[in-house]
Every structure is written in structure tokens, then in C-alpha cells.
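These are the residues of each chain, in order.
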Amino acid sequence: MALLSIKDLFVGYRTIMGTLHVLDDVNLEINKGEIVGIVGESGSGKSTLGQAIARVLPGNAIASGSIMVDGVNLLELSEKEMENYRGTTVFMILQNPFTSLNPVKTVGYQLMEAARIRMERSGEKYSEDRAYEMAIQALKDLRFPDPEIIMLRYPHQLSGGQIQRVVLAMSLILRPKILIADEPTSALDVTIQAQVINLFKQLSKEMETAILFITHDISLAYVISTRLVVLYAGRIMEDGDIESVIREPMHPYTQGLIAGVPDLSKFVSGKIKLQSIPGNPPSFLDLPSGCKFHPRCPYVKDICKVQEPKLTRVNNRIVRCWLYGG
Amino acid sequence: MPPIVKTVNLRKYYLAYKMGLLDRLFGKKPAWVRAVDNVNIEIEEGETLGLIGESGSGKTTLGKLLVTLERPDGGEYYFMGEKVTEDKIPWVRQQVAMVFQNPYSSLNPRLTVKEIISEPLGHFDEDRVREAMEMVGLNYREHSNKRPRELSGGQVQRVAVARAIVKRPRFIVLDEPTSALDASLQAQVLNLLMDLKEQLGLTYLFITHNIAIAYYISDRVAIMYAGKIVEMGNVDEVFKKPMHPYTQLLMKSVPTIGRKELEPPTGEVPSLVNPPPGCRFHPRCPYIMSVCKEKEPPLINVNNRQVACWLYQQ
């Protein structure tokens, strides 16, 4: 059975202009140890998906459908019951690392708190020495040269890269079943990004953590994930094994996205011109009828304008497009 | 013909903290951030130099020095063969422009698009604004009376580019112009920039931390580390056979389709207040020798390329 199973997820935001349908008909199953890259442009709903699973949606959001983890529907839990699942079952790394730590507590305090939660939930008795050890070990795993000093620091005394690694250290201590990482490396430099990516892979290999890696960078998604999910206007457009999606994208949007990526592998045999998708992504205030991609699609047919295609399984791939039967 | 931009030992230091009266009275030593430290570069007319570096390596400061938004603390700057002094700055500014990373914060939100674009001209000239807008693919009738917040990210960055070209400059510094844009718009803006360069005969300094983009757009690349240029040369040669250990590890850190493993250097970019002695990369370098800790390697010519590393010194 899948570790995480999302069925017919719908998320909307109530605004003065009416309800915005940000996620519609999202169905996704994720197994242990899988790393799923979620790619899409800004405003495609990828962060909303992560927030819905971690139950950290803003107050004006409405969600329906089901998000099952270990036979429990996270959407039906009360805030208090959800507390027991946060951290050890679902853990989310936010895009802006400065908002994920408490600014008035030291790094050590926050890491030891994570260690305490881990111990309590696995039925161990809390021991401060053991918690300190766990925190130091996690910081060492993240290549901090002097973890004892970092433990005494407050978040504002650290750089963005260091904070992001502290948050990662926290996830190493908590060992969550599902780790949601929302553009965790976009504030980091390439060399630090590569260090963090290697840690993510190690985490998923050693502890069988399922990782949802949300990003807009396809090259990055390729390097880290085993599977790729493409979102557009709040809908899953394509879902399949990473190698096959990148080599042979089926959905016209995925094709356009991959043709436009400036990736070093494309320039090996001389320079080629990057293709770009004409037009702009749609606004949720004014979504097009039928297939949400039809105004930008090179293969648009009459049916695309009136009726939205359903997710269909083609070989080992799931795709939402009339070209493949809809 | 002289290169359009040439710097000789260009230097820019910032104070790491404000020196108050009490600090001065008690003789506290000022601490300097060496953002740009003895940089020598040349950019030929019509070429695109890609400037690659991690955050805090001084690449934006170098860009600002070249468009005279910052004054150097040492060294010389030659623009079209003429030494740039205080009285030459207005003349330089007629011929240079800069496009910034985040268009929403670099353009005045209270002005309309046509006011923003005509601002560098000093007066409103509808024909020139219309022409600049058409060149970047914006419609004058549709967009000229809008304000930045009414436009999408890609359109606002086009406005910033139109503003940069309206005065017909020779040299444009592009500071991460596509990093705030989405994947599908990034390719649009990059292609636009390359077309404009052809059309108007421009010269670019393209600042980026995205190595793949640098490869796509540049003729030559310079790699900056902790305020210094460590390697510079033809883009194909540098990417296929990087010489400096930092460049080599940087290339192995770039996520690329078809290669699943990344091999980044350990550690972080050093502080510019207190850079390590000798070669600034030595604490992270896999090939460290004893000379690296003591003496700074000069930038020397090796096979048509410039590199600052003791491995290549005769």
C-alpha cells in the first residue's frame, strides 16, 4: 500500500473576488523511499499542494477530498490531533528558511526539542544528554565544522544556507515518513545546493523517507527525483518515471517546459536555440475553459476548448491531454 | 580598436560596520569588506562576457562599478580606451545601462510604463518609447499606460530591458535578469536579449549564478570567487575543460539532465571581511599545496585562458 495517497483533492481560497480554485482533481500516490519532483511555474499550485499535505494552509483556504497517511485522513483531523502527526509523520521545509525557525530560541534549543519529540513518539524516555548528542550528530552530518558553537546561536546569526541546513538537521532528528521540501534550495548557492541535494538523497535511502521535492527547476528535479509530477493551473498534467518523462515528454506543456530549460546537456554539441512557450500562465481569477493549457498549446483542437481532459494512464505514465484520449 | 571596457586592478572595499565617533576615539580599527579586489577584465565590443559567481563573490559590485553606480577605491577603469575620471562619468553614463534582478523593485511603481521607459531620455519622446517597446515585444497601445503591478513578471522585465535600450547604449550590464522569472518565460527573455544584441550591436556583461544560462548566452566567461577572478576564457573551452579547481567543482555542482550525481566542494564561500590568506579557495581545495596558504596566485595566461592557481605556475 502506498504511504501517502491523495484522492480527489480540491483546494480553494476564499477571496473578495470569489473562490479561487487553486487545486482541482489532484490524485497522487507516493511510496516509501520515493522522491517525487513536483514541477510547475509560479502560481501552478505546487506550494498549495505541499501546504495541504502538511496542513499548513492559510486560514481562507477550503480543502476537500482525502489525504491518507497510514490509514488516517489528515484533512479530517482536528488541529490538536494533527499535532501528533507533525514532525515525525509529515515535515515541511519552507522556501524561506528564516520563517521556519523560532527567532527567540537558540538553534540548540530547537534541535533538542525535536529530539525530545522523536524520543517521546518512539516510546523512549527523554534524556537531555541523549538529545544533545542527537542534535550534535545531526549538525555534524550536515557538515557544520563546529556544531557546539552553532547550538548556541540564534537564527539571525546564521546565513540562509546555514539555516536551511539547520532545518534539514531537524528533519534528520525527527526522521519523518514524509518530507515536503518547498524550493528548499532556491536561496542557496550552487555548491551549497549540491551539498543539500546529496543529503536529501542520503536521507531517503537510509531512512526510506518519502520526499516531495517542489521546484521550478527541471534540471534540479531530474538530479534528485525518481518520479516527476508536472502541475499546471492547479492540475496534474503528467506523472511518470523521471527518466522517461524527461526523455519523452507526452503532454505539450511538459514538452515546452523541457525545450525551454537551459540545461548544460543540451549544449554539448554546439549551441542550440532554446524554445519558449508563447504567452503567460493563466490567472486563477480567469481560468480558460476546457483544457487549462489550450490557449498556449501548439496542438489545440476544438474539443480542448470546451471540455477538460481527464487523467489517463498511457503505458507507465499518467497524462491529462486529449492527444492521448483524454 | 581598444576594448570597450577595461579595468586594471580595480578595487572596491566597503566598511563592514559604521564607524561611530566613539569607535574613532577609542581607536577601533575599521574592518573592510573586500567586495572587488584587484580585478582585471577586458570586454571587447560586441561580445557577451558571462560573470559567474556565488552570492557574496562581488559580481554585482563589479557590475555597478562598470556602469559608474559605484566609484572604485583603487585601480583604473577605461571605457572605450579613455580613463574614467569623475568628470567623465556623465559621458560614460550616456552609453551604459543596467538591468536589475527584480524588476518590481527596480522600477518606480507609481509611474506608467511609458514614463518609466522615457525617464533615461530626460523628456518624453513617444516615437522612441514606442520603438523600444516594440523591440522588446510589448504593444504600445496596450501596455504603455499600465503600471508595473498590472503586468506579469516577464512583461515587467521586458519594460526594464526597454528602459535600458531606449537611449541606445553600447554596453549593458545585466544583473541576473532572468532569475526572478518562471521557466517558460526565462527562455523568452534570454532569446529576446540575444536578438537585441544582434540588432543593436550591443556589448553585454551578463551576471549570473546560473551556470547553464551563462553557457547559453556568453561568448566568454569569467568566474569570480571571494572578490577575485579565478578563471576567464572562451565559454566552450572553460566549460569543457575547466582548469581552476573551483571551476571544476562548480561544474560538478550544476544539476544537469543525464547526470544524477553531484560532487560539490565542501564548506562555504569565505567571509570577505577576513578572507583566508594566500589563495582564497585553499580551505576548500582538493589539491592544496603549502604555497597556497602563503601566497596569492596571480592571474596568468595559460593556453589562451587566464587562471589564478598555483597548479599552473611555471
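Residues numbered from 1 in each chain as written. Chains lettered and ligands numbered in written order. Predicted model: local features only at pLDDT ≥ 70, side-chain atom pairs only at ≥ 80, totals over all residues.

Per an unreviewed UniProt entry, chain A goes by Dipeptide ABC transporter ATP binding protein (DppD-3) and derives from Vulcanisaeta moutnovskia. Listed in UniProt under the heading Subcellular location (unreviewed entry), the comment for chain A reads: "Cell membrane". (UniProt positions renumbered as here; feature names shortened; annotations may be inferred.)

1. Re the UniProt feature "domain: ABC transporter" (unreviewed entry) in chain A
The residues that UniProt annotates with the feature "domain: ABC transporter" (unreviewed entry) are residues 4-258 of chain A. Helix makes up 40% of residues 4-258 of chain A and strand 27%, with an end-to-end C-alpha separation of 28 Å. (Helix = DSSP H or I, 4+ residues; strand = E, 2+ residues; numbered from the N terminus.)

2. Brief notes about the domain arrangement of chain A
Residue and element names in this part refer to chain A. Looking at the assigned domains, one finds that chain A contains domain 1 (4-89 + 176-270) and domain 2 (101-174). Taken over C-alpha atoms, the centre of domain 1 sits 26 Å from the centre of domain 2. Taken together, the contact between domain 1 and domain 2 spans 13 residues of the former and 14 residues of the latter. The dominant element in the side of domain 1 that touches domain 2, judged by the number of residues it contributes, is helix α7 (residues 190-207), at five residues. Split into classes, the residues belonging to the side of domain 1 that touches domain 2 amount to nine nonpolar, three polar and one charged. (Domains from an automatic or database assignment. Contact = placed C-beta atoms within 7 Å. Nonpolar A, V, L, I, M, F, W, Y, C, P; charged D, E, K, R; others polar.)

3. Looking at the interface of chain B and chain A
Each partner contributes to the interface: chain B provides 33 residues, whereas chain A provides 34 residues. If you list the elements that add at least two residues to the side of chain B that touches chain A, you get α9 (183-200), α10 (211-217) and α12 (245-253) of chain B.

4. Notes on the sheet that holds strand β2 (residues 18-30) of chain A
Residue and element names in this part refer to chain A. The four strands are arranged β2-β1-β4-β5 in an open sheet whose pairing can be described as antiparallel. Only two strands of the sheet have a single neighbouring strand rather than two, namely β2 and β5 (72-73). Sheet topology note: the strand β1 (residues 4-15)/β2 ladder contains nine bridges and is antiparallel. Bridged to I6 within β2 is L28. Helix α1 (residues 46-54) contacts β1, β2 and β4 (61-69) of the sheet and is inclined by roughly 70 degrees relative to β2. (Pairing = 2+ DSSP bridges. Axes fitted to C-alpha atoms, helices over the stretch in contact; angles between N-to-C directions.)

5. Section: the packing of α7 of chain A against α12 of chain B
Axes are the key here: two packed helices are described by the angle between their axes and the distance separating the axes. Contact geometry of α7 of chain A with α12 of chain B gives a least axis separation of 9 Å together with a crossing angle of 50 degrees. Comparing their axes, α12 of chain B and α7 of chain A come out oblique. In the packing of α7 of chain A onto α12 of chain B, the handedness of the crossing is left-handed. Two secondary-structure elements touch here, α7 of chain A through V190, T191 and A194 of chain A and α12 of chain B through L249, L250 and S253 of chain B. (Parallel < 35°, antiparallel > 145°, perpendicular 65-115°, else oblique. Left-handed = near helix turned anticlockwise from the far one by under 90°.)

6. Comments concerning the pairing of strand β4 (residues 48-52) of chain B
Residue and element names in this part refer to chain B. For β4, the buried fraction is high: five of the five residues fall into the buried class. The sheet contact formed by β4 and strand β9 (residues 203-208) spans five bridges and is parallel. By the bridge assignment, L49 is partnered in β9 with L205. Judged from the four bridges that link them, β4 and strand β10 (residues 220-225) form a sheet pairing that is parallel. Along β10, the bridge assignment pairs L51 with A222. (Buried ≥ 20, exposed ≤ 12 C-beta atoms within 10 Å, placed from the backbone.)

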